[in-house]
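Structural overview for review
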Amino acid sequence: MTFPKAFQRIFFLTGICLSGFATLVSAQINERVYSTNYRIDPEQKGDLSAEFDNISFFKNNEYAGKMMDGYTLPGFWLQAKAIYNPLENIKLEAGVHLLRYWGANKYPNFAYQDITYWKGDQFQRGFRALPWFRAQIALSKNVDIILGNIYGGANHRLIEPLYHPELNLTADPETGLQLLYTSKYIDLDAWVNWESFIFRDDVHQEAFTFGLSTRVKFNDPASRFHFYLPVQALAQHRGGEIDTLLHNSVQTLMNASIGIGMTWNTGHPLVTKVDFEIDQAGYYQQQGELWPFDSGHGFYARASADIYDFRVKTSYWRCDDFISMFGSPFYGAVSTQIEGALFKQPQMVYLGLEYSRSFGKGYAMGINFDVYNHFATDMYLPEEGCVRVKSALSYDFGIYFRINPSFLIKKF
């Protein structure tokens, strides 16, 4: 779809104005639809319950330019599980996680976040099916430890250049170990997500990701003007000593960011909140030659305003030799559309509109429309050399419905 140049100019000016106006790490859809409350309710001691957790989604990505191809995601994921609270501070969950794309009949058996050669090549039929188990203990009102299926995705509150919100729909549940700490002055989320386990003589790699997401709070988040400092880091290691891959079998990749943010709690019944944040992001390939750059960086400025159940968002992104492990290719200098294509200092302005609504505990809906304007830049091709790429306008839209009912079976 081609948009007139006048619209592109209006979009650019609107984005710049809103950027000067004032974003929180998580948007309304992230908060109301994607996130999961991790707090253990002491009143549920002795409860044995059945729970169903589901997100149904339809998302259409119409992408222009040379960075990535467009695609559509129609489907749902469903978790069916039993939950038991033996003590006031312990919670156990066991069940199954199912992913279904409408029209698909088989699913590659790899971790659904990054398709590379270290993943297995087996297939499942009907659904992408995984066992689900979570053991959680609240050591105090500030500290929780989780083993098994951790609270991942939107719960990490990572910025978009580090984590694509779409992975809340498509990625496997994160599994491993997690530490959550919250206090008056700091929120901390540290985790290990074990993505690929190997046995002796396996033909794929072991892979795991360490993550850290912290927020230093300079004052009360409920204050009229709240200031905070977010620090985030991701490091993925791919290797293993007992597989059969002898060459290029070890890689260590890193993403990180540090920023400063402000929230204006307006007190107005219509425009309730305005957020502004700037972040400096970095990329580092500590070991291996999986990607063409060993290091890079990016600058990210974003703003949003909450108006009733709507959120208007905008951001500006510029990078140099940056690659994101789990972010959209839009936040990088490598094309996933053309093999070997690299971009010199790509820039992008984004404008988005969200509507989300909660219908009660466990029921929420979200709708979004996003527009991305990529500025003209130079693209390097292995055989052709440097060519000039024109500016391009892309957009996406989606609708999501979260259903999370719970039924008490017995109280012991």
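Rules behind the numbers
Residues numbered from 1 in each chain as written. Predicted model: local features only at pLDDT ≥ 70, side-chain atom pairs only at ≥ 80, totals over all residues. Heavy atoms only, no water. Helix = DSSP H or I, 4+ residues; strand = E, 2+ residues; numbered from the N terminus. Buried < 20%, exposed > 50% of the residue type's maximum accessible area, 1.4 Å probe, protein only. Pairing = 2+ DSSP bridges. Axes fitted to C-alpha atoms, helices over the stretch in contact; angles between N-to-C directions. Phe/Tyr/Trp six-rings, centres within 6.5 Å; stacked < 30°, edge-to-face > 60°. Lys NZ or Arg CZ within 6 Å of the ring centre and 35° of its normal. pLDDT = per-residue confidence, 0-100. Contact = heavy atoms within 4.5 Å. Core = buried A, V, L, I, M, F, W, Y, C linked by side-chain atoms within 4.5 Å.

**Looking at unusual backbone geometry**
- At Asp321, a position not held by glycine, the phi torsion is positive, near 55°.
- Looking at the secondary structure, you find Asp321 in the loop between β15 (310–320) and β16 (342–344).
- The phi angle at Gln345 is positive, at roughly 45°, despite the residue not being glycine.
- Locating Gln345 in the fold gives a position in the loop between β16 and β17 (347–360).
- Taking the relative accessible area as the measure of exposure, Gln345 reaches 31% and is therefore partly exposed.

**What to know about the pairing of strand β13 (residues 271–287)**
- Direction of pairing for strand β12 (residues 251–265) relative to β13: antiparallel, over a ladder of 14 bridges. Considered in β13, the bridge of Ser257 is made with Ala281.
- Between β12 and β13, which pair antiparallel one after the other, the connecting turn spans five residues, and Gly267 there sits at a positive phi close to 80°.

**Points about the sheet that holds strand β19 (residues 377–381)**
- Taking strand neighbours across the sheet as the criterion, the three strands line up as β16-β19-β20 in an open arrangement whose pairing is antiparallel. Since the sheet does not close on itself, it has two edges, and those belong to β16 and β20 (385–389), each with one partner. Put simply, the sheet's adjacent strands are angled 35° from each other on average, direction ignored.
- In this sheet, β19 lies alongside β16 in antiparallel orientation, the contact comprising three bridges. In the strand pairing of β19, Phe343 is matched with Met379.

**Quick word on the packing of aromatic side chains**
- Using the criterion set out here, one finds 22 aromatic pairs in the structure.
- Ring centres of Tyr63 and Tyr71 lie 6.2 Å apart, and the angle between their planes is 85°; on these two criteria the pair is classed as edge-to-face.
- Between Trp317 and Tyr331, the ring centres sit 5.5 Å apart and the planes meet at 75°, which makes this aromatic pair edge-to-face. Note that Trp317 is positioned in strand β15 and Tyr331 in the loop between β15 and β16, a separation of 14 residues in sequence.
- Classification of Tyr331 as buried rests on a relative accessible area of 2%.
- Aromatic rings pair up to connect Tyr63, Tyr71, Phe330, Tyr350 and Tyr372 into one cluster.
- Over the aromatic face of Phe127 sits the side chain of Arg100, whose NZ or CZ is 5.8 Å from the ring centroid.
- In this structure, Arg215 packs its charged tip against the face of Tyr228, placed 3.9 Å from the ring centre.

**What about the confidence of the model for the chain?**
- Overall, the prediction assigns the chain a mean pLDDT of 88, with 87% of residues at 70 or greater.
- Between the elements of the chain, mean pLDDT differs from a low of 42, seen in helix α1 (residues 5–21), to a high of 98, seen in strand β7 (residues 143–149).
- The model gives residues 1–27 a pLDDT under 50, and that stretch makes 65 contacts with residues more than four places away or in other chains.

**Thoughts on the nonpolar core**
- Core analysis: the biggest nonpolar cluster contains 40 residues, and Leu234, Trp317 and Phe330 have the highest contact counts within it.
- Listing elements by their share of this core, those giving two or more residues are β13, β15, β16, β17 and β19.
- Those residues in contact with Trp317 that lie beyond four places of it in its chain are Pro161, Ala281, Gly298, Phe299, Tyr300, Phe322, Phe330, Tyr331, Gly332, Pro346, Gln347 and Met348.
- Membership of the second largest hydrophobic core comes to 14 residues, among which are Trp77, Leu99, Ala154 and Ala364.

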